[in-house]
Amino acid sequence: MKIALIGYGKMGKEIEKIALSRGHQIVSIIDLNNQDDFTSEAFKSADVAIEFTAPTVAYNNYINAFNAGVKVVSGSTGWMDEHGDEIKDLCKNGGKTLFWASNFSLGVAIFSAVNKYLAKIMNQFPTYDVTMSETHHIHKLDAPSGTAITLAEEILENLDRKDSWVKEEAKAASELPIHSIREGEVPGIHTIRYESEADSISITHDAKNRKGFALGAVLAAEFTCGKQGLLGMSDLFKF
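- Per an unreviewed UniProt entry, the protein chain goes by 4-hydroxy-tetrahydrodipicolinate reductase and derives from Bacteroides luti.
- Note on the protein chain: under the UniProt heading Sequence similarities (unreviewed entry), the record states "Belongs to the DapB family."
- In UniProt, the protein chain has this text filed under Pathway (unreviewed entry): "Amino-acid biosynthesis; L-lysine biosynthesis via DAP pathway; (S)-tetrahydrodipicolinate from L-aspartate: step 4/4."

1. Concerning the packing of aromatic side chains
- Under the counting rule described, the total for this entry stands at six aromatic pairs.
- Seen in terms of ring centroids, F38 and F43 are 5.2 Å apart; in terms of plane orientation they differ by 80°. Their pairing is edge-to-face. With respect to burial, F38 and F43 carry one shared label: buried.
- Arranged with centres 5.8 Å apart and planes meeting at 55°, the rings of F52 and F104 form a pair that is tilted. With F52 in the loop between strand 3 (48-51) and helix 3 (55-67) and F104 in the loop between strand 5 (97-100) and helix 5 (106-122), this pair connects stretches of sequence that are 52 residues apart.
- The rings of F52, F99, F104 and F223 are connected pair by pair, giving a single aromatic cluster.
- In this structure, K13 packs its charged tip against the face of Y8, placed 4.2 Å from the ring centre.

2. Digging into the nonpolar core
- Ranked by internal contacts, the top residues of the largest apolar core, which has 27 residues, are I15, I50, V73, F99, F104 and M233.
- For this core, the elements supplying multiple residues, two or more each, are strand 1 (2-6), helix 1 (10-21), strand 3, helix 7 (211-224) and helix 8 (233-236).
- Looking at which element gives the most residues to this core, the answer is helix 7, with seven residues.
- Aside from chain neighbours lying at most four places away, what touches F104 is F52, V73, S74, G75, F99, G212, F213, G216, A217, A220 and M233.
- If you look at the next biggest cluster of nonpolar residues, it comprises 22 residues, including A46, A58, V72 and W100.

3. Examining the sheet that holds strand 6 (residues 129-136)
- Reading across from one edge, 7-8-6-9-10 is the order of the five strands in this open sheet, with mixed pairing throughout. Of all strands in the sheet, those with a lone pairing partner are strand 7 (164-167) and strand 10 (200-206), marking the two edges. Neighbour-to-neighbour, the strand axes of the sheet open up by a mean angle of 20°, direction not taken into account.

4. As for the domain arrangement of the protein chain
- When its domains are assigned, the protein chain resolves into domain 1 (2-104 + 211-236) and domain 2 (106-206).
- Relative placement of domain 1 and domain 2: their C-alpha centres are 27 Å apart.
- Tallying the contact residues gives 11 residues for domain 1 and 11 residues for domain 2.
- For the pair domain 1 and domain 2, the two sides together bury roughly 730 Å², of which 54% comes from carbon and sulfur.
- Among the residues of domain 1 in contact with domain 2, T77, S102 and N103 are the three that bury the most area, contributing 46% of the side total.
- Between the two partners, domain 1 and domain 2, sit one salt bridge.
- The partner of K10 in a salt bridge is E185, with the nearest N and O atoms 3.6 Å apart.
- The interface formed by domain 1 and domain 2 holds six residue pairs in polar contact (both at pLDDT 80 or more) in total.
- In terms of residue class, the side of domain 1 that touches domain 2 is made up of five nonpolar, five polar and one charged.

Scoring rules and cut-offs
- Residues numbered from 1 in each chain as written.
- Predicted model: local features only at pLDDT ≥ 70, side-chain atom pairs only at ≥ 80, totals over all residues.
- Heavy atoms only, no water.
- UniProt positions renumbered as here; feature names shortened; annotations may be inferred.
- Phe/Tyr/Trp six-rings, centres within 6.5 Å; stacked < 30°, edge-to-face > 60°.
- Buried < 20%, exposed > 50% of the residue type's maximum accessible area, 1.4 Å probe, protein only.
- Helix = DSSP H or I, 4+ residues; strand = E, 2+ residues; numbered from the N terminus.
- Lys NZ or Arg CZ within 6 Å of the ring centre and 35° of its normal.
- Core = buried A, V, L, I, M, F, W, Y, C linked by side-chain atoms within 4.5 Å.
- Contact = heavy atoms within 4.5 Å.
- Pairing = 2+ DSSP bridges.
- Axes fitted to C-alpha atoms, helices over the stretch in contact; angles between N-to-C directions.
- Domains from an automatic or database assignment.
- Buried area = accessible area lost by both parts, 1.4 Å probe.
- Salt bridge = Lys/Arg side-chain N within 4 Å of Asp/Glu carboxyl O.
- Polar contact = N/O pair within 3.5 Å; in protein donor to acceptor, adjacent residues only side chain to side chain.
- Nonpolar A, V, L, I, M, F, W, Y, C, P; charged D, E, K, R; others polar.

Now the structure itself:
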(Lines give C-alpha, C1' and ligand atoms only; values in the text may rest on other atoms or scores of the structure.)
Protein backbone atom coordinates (compact mmCIF):
# COMPACT_ATOMS: atom_id res chain seq x y z
CA MET A 1 0.00 0.00 0.00
CA LYS A 2 0.88 3.66 -0.30
CA ILE A 3 0.69 5.17 3.18
CA ALA A 4 0.83 8.80 4.28
CA LEU A 5 1.82 9.66 7.85
CA ILE A 6 0.19 12.60 9.64
CA GLY A 7 2.23 13.33 12.75
CA TYR A 8 5.89 12.35 12.89
CA GLY A 9 6.54 12.02 16.61
CA LYS A 10 7.50 8.82 18.42
CA MET A 11 4.38 6.98 17.23
CA GLY A 12 4.75 8.18 13.65
CA LYS A 13 8.34 6.97 13.48
CA GLU A 14 7.41 3.58 14.97
CA ILE A 15 4.55 3.21 12.46
CA GLU A 16 6.94 4.07 9.63
CA LYS A 17 9.33 1.26 10.66
CA ILE A 18 6.57 -1.35 10.85
CA ALA A 19 4.87 -0.23 7.63
CA LEU A 20 8.16 -0.48 5.71
CA SER A 21 8.91 -3.89 7.26
CA ARG A 22 5.53 -5.13 5.97
CA GLY A 23 6.32 -4.03 2.41
CA HIS A 24 4.37 -0.76 2.31
CA GLN A 25 5.55 2.55 0.85
CA ILE A 26 5.53 5.86 2.75
CA VAL A 27 4.57 8.45 0.12
CA SER A 28 4.08 11.52 2.33
CA ILE A 29 4.91 12.64 5.87
CA ILE A 30 3.01 15.64 7.22
CA ASP A 31 4.01 17.37 10.45
CA LEU A 32 3.63 20.88 11.88
CA ASN A 33 6.05 22.50 9.44
CA ASN A 34 4.58 21.30 6.12
CA GLN A 35 0.78 21.54 6.35
CA ASP A 36 0.58 22.63 2.69
CA ASP A 37 1.48 19.07 1.70
CA PHE A 38 -2.14 18.00 2.27
CA THR A 39 -2.78 19.32 -1.26
CA SER A 40 0.30 17.69 -2.78
CA GLU A 41 0.06 14.95 -5.40
CA ALA A 42 2.19 12.72 -3.16
CA PHE A 43 -0.35 12.91 -0.32
CA LYS A 44 -3.30 12.46 -2.69
CA SER A 45 -1.67 9.27 -4.03
CA ALA A 46 -1.91 7.55 -0.62
CA ASP A 47 -4.31 4.64 -0.15
CA VAL A 48 -4.56 5.44 3.56
CA ALA A 49 -3.22 8.13 5.92
CA ILE A 50 -2.28 7.10 9.47
CA GLU A 51 -2.80 9.99 11.88
CA PHE A 52 -1.42 10.27 15.42
CA THR A 53 -1.40 13.87 16.62
CA ALA A 54 -2.96 16.06 19.34
CA PRO A 55 -6.63 16.60 20.23
CA THR A 56 -6.45 20.23 19.04
CA VAL A 57 -5.44 19.40 15.45
CA ALA A 58 -6.89 15.93 14.76
CA TYR A 59 -10.20 17.21 13.37
CA ASN A 60 -8.53 19.55 10.86
CA ASN A 61 -6.24 16.71 9.79
CA TYR A 62 -9.26 14.50 9.06
CA ILE A 63 -10.96 17.22 7.01
CA ASN A 64 -7.77 17.95 5.04
CA ALA A 65 -7.28 14.24 4.30
CA PHE A 66 -10.95 13.78 3.31
CA ASN A 67 -10.71 16.79 0.98
CA ALA A 68 -7.71 15.12 -0.67
CA GLY A 69 -9.72 11.93 -1.15
CA VAL A 70 -7.62 9.93 1.32
CA LYS A 71 -8.95 7.46 3.89
CA VAL A 72 -7.77 7.95 7.47
CA VAL A 73 -6.70 5.64 10.29
CA SER A 74 -6.41 7.63 13.54
CA GLY A 75 -5.54 7.08 17.16
CA SER A 76 -5.93 10.72 18.22
CA THR A 77 -8.28 11.29 21.14
CA GLY A 78 -9.97 14.28 22.75
CA TRP A 79 -11.76 15.61 19.63
CA MET A 80 -15.03 13.68 19.75
CA ASP A 81 -17.03 15.91 22.11
CA GLU A 82 -16.81 18.85 19.72
CA HIS A 83 -16.62 17.18 16.31
CA GLY A 84 -17.75 13.57 16.78
CA ASP A 85 -21.23 13.91 15.26
CA GLU A 86 -19.92 15.76 12.18
CA ILE A 87 -17.21 13.18 11.47
CA LYS A 88 -19.65 10.29 11.95
CA ASP A 89 -22.06 11.92 9.49
CA LEU A 90 -19.29 12.45 6.92
CA CYS A 91 -18.40 8.76 7.14
CA LYS A 92 -21.95 7.39 7.18
CA ASN A 93 -23.54 9.76 4.66
CA GLY A 94 -20.71 11.67 2.97
CA GLY A 95 -18.66 8.82 1.54
CA LYS A 96 -15.62 9.44 3.77
CA THR A 97 -13.67 6.74 5.64
CA LEU A 98 -12.21 6.89 9.14
CA PHE A 99 -10.92 3.95 11.14
CA TRP A 100 -10.74 5.35 14.66
CA ALA A 101 -9.62 3.68 17.87
CA SER A 102 -8.60 5.09 21.22
CA ASN A 103 -6.02 2.31 21.31
CA PHE A 104 -4.68 0.14 18.48
CA SER A 105 -2.88 -2.45 20.60
CA LEU A 106 -3.88 -6.07 19.98
CA GLY A 107 -3.46 -6.62 23.73
CA VAL A 108 -5.91 -3.80 24.47
CA ALA A 109 -8.40 -5.28 21.98
CA ILE A 110 -8.23 -8.55 23.93
CA PHE A 111 -8.38 -6.64 27.23
CA SER A 112 -11.48 -4.80 25.98
CA ALA A 113 -13.24 -8.10 25.20
CA VAL A 114 -12.36 -9.42 28.68
CA ASN A 115 -13.55 -6.14 30.24
CA LYS A 116 -16.99 -6.41 28.62
CA TYR A 117 -17.36 -10.07 29.57
CA LEU A 118 -16.27 -9.42 33.17
CA ALA A 119 -18.76 -6.54 33.49
CA LYS A 120 -21.58 -8.82 32.32
CA ILE A 121 -20.64 -11.34 35.01
CA MET A 122 -20.27 -8.69 37.73
CA ASN A 123 -23.70 -7.30 36.88
CA GLN A 124 -25.03 -10.29 38.84
CA PHE A 125 -22.98 -9.41 41.94
CA PRO A 126 -23.94 -5.94 43.26
CA THR A 127 -21.75 -6.20 46.38
CA TYR A 128 -18.74 -5.41 44.17
CA ASP A 129 -17.98 -1.78 43.38
CA VAL A 130 -15.87 -0.95 40.34
CA THR A 131 -13.12 1.65 39.87
CA MET A 132 -10.53 2.32 37.18
CA SER A 133 -7.03 3.80 37.12
CA GLU A 134 -4.84 4.73 34.16
CA THR A 135 -1.19 5.82 34.02
CA HIS A 136 0.52 7.52 31.06
CA HIS A 137 3.61 9.56 30.26
CA ILE A 138 3.79 13.22 31.29
CA HIS A 139 3.40 14.41 27.66
CA LYS A 140 -0.15 13.07 27.31
CA LEU A 141 -2.54 16.01 27.07
CA ASP A 142 -5.94 14.42 27.79
CA ALA A 143 -7.08 12.81 31.03
CA PRO A 144 -8.70 10.36 31.40
CA SER A 145 -7.13 8.66 28.41
CA GLY A 146 -9.27 7.81 25.41
CA THR A 147 -8.68 4.14 26.15
CA ALA A 148 -9.92 4.57 29.73
CA ILE A 149 -13.08 6.30 28.48
CA THR A 150 -13.70 3.51 25.96
CA LEU A 151 -13.24 0.87 28.68
CA ALA A 152 -15.53 2.82 31.02
CA GLU A 153 -18.26 3.05 28.37
CA GLU A 154 -18.03 -0.72 27.88
CA ILE A 155 -18.56 -1.21 31.61
CA LEU A 156 -21.54 1.18 31.64
CA GLU A 157 -23.16 -0.78 28.81
CA ASN A 158 -22.96 -4.03 30.78
CA LEU A 159 -23.23 -3.00 34.45
CA ASP A 160 -26.71 -1.78 35.36
CA ARG A 161 -25.67 -0.14 38.64
CA LYS A 162 -23.38 2.39 36.91
CA ASP A 163 -24.74 5.09 34.61
CA SER A 164 -21.79 7.49 34.11
CA TRP A 165 -18.03 7.82 34.54
CA VAL A 166 -16.35 10.69 36.39
CA LYS A 167 -12.82 11.97 36.82
CA GLU A 168 -11.10 10.96 40.06
CA GLU A 169 -13.73 10.70 42.85
CA ALA A 170 -17.28 9.37 42.59
CA LYS A 171 -19.94 11.37 44.44
CA ALA A 172 -22.77 8.92 43.78
CA ALA A 173 -22.97 5.12 43.84
CA SER A 174 -23.98 5.13 40.16
CA GLU A 175 -20.73 6.81 39.08
CA LEU A 176 -17.61 4.99 37.87
CA PRO A 177 -14.48 6.91 38.93
CA ILE A 178 -11.38 7.01 36.70
CA HIS A 179 -8.14 7.98 38.42
CA SER A 180 -5.47 9.40 36.07
CA ILE A 181 -1.73 9.46 36.80
CA ARG A 182 0.86 11.20 34.59
CA GLU A 183 4.48 10.21 35.24
CA GLY A 184 7.73 9.50 33.42
CA GLU A 185 7.56 7.91 29.96
CA VAL A 186 4.89 5.25 30.71
CA PRO A 187 3.32 4.05 27.40
CA GLY A 188 0.06 3.15 29.15
CA ILE A 189 -1.31 1.12 32.08
CA HIS A 190 -5.04 0.52 32.59
CA THR A 191 -6.46 -1.30 35.62
CA ILE A 192 -10.10 -2.14 36.36
CA ARG A 193 -10.83 -3.23 39.90
CA TYR A 194 -13.97 -4.79 41.40
CA GLU A 195 -13.95 -4.71 45.20
CA SER A 196 -16.19 -6.11 47.93
CA GLU A 197 -15.76 -6.57 51.67
CA ALA A 198 -14.62 -10.14 51.03
CA ASP A 199 -12.14 -9.73 48.17
CA SER A 200 -11.17 -7.87 45.02
CA ILE A 201 -10.82 -8.79 41.35
CA SER A 202 -8.51 -6.79 39.07
CA ILE A 203 -7.59 -6.90 35.41
CA THR A 204 -4.67 -4.85 34.02
CA HIS A 205 -3.17 -4.09 30.64
CA ASP A 206 0.40 -2.79 30.83
CA ALA A 207 1.98 -1.63 27.55
CA LYS A 208 5.75 -2.18 27.48
CA ASN A 209 6.42 0.06 24.46
CA ARG A 210 4.77 1.63 21.40
CA LYS A 211 5.33 -1.34 19.06
CA GLY A 212 1.96 -2.94 19.80
CA PHE A 213 0.11 0.30 19.07
CA ALA A 214 2.07 0.88 15.84
CA LEU A 215 1.50 -2.66 14.54
CA GLY A 216 -2.22 -2.36 15.25
CA ALA A 217 -2.38 0.93 13.34
CA VAL A 218 -0.71 -0.64 10.28
CA LEU A 219 -3.04 -3.68 10.48
CA ALA A 220 -5.96 -1.24 10.63
CA ALA A 221 -4.62 0.58 7.54
CA GLU A 222 -4.38 -2.72 5.65
CA PHE A 223 -7.97 -3.50 6.67
CA THR A 224 -9.27 -0.01 5.80
CA CYS A 225 -7.77 0.11 2.32
CA GLY A 226 -10.76 -1.63 0.72
CA LYS A 227 -13.48 -0.41 3.10
CA GLN A 228 -15.70 2.66 3.45
CA GLY A 229 -17.39 4.38 6.39
CA LEU A 230 -16.71 4.65 10.11
CA LEU A 231 -14.65 1.68 11.28
CA GLY A 232 -13.19 0.50 14.59
CA MET A 233 -11.37 -2.29 16.39
CA SER A 234 -14.54 -4.40 16.62
CA ASP A 235 -14.52 -4.53 12.79
CA LEU A 236 -10.87 -5.55 12.65
CA PHE A 237 -11.01 -8.12 15.49
CA LYS A 238 -14.34 -9.94 15.50
CA PHE A 239 -13.97 -11.35 19.00
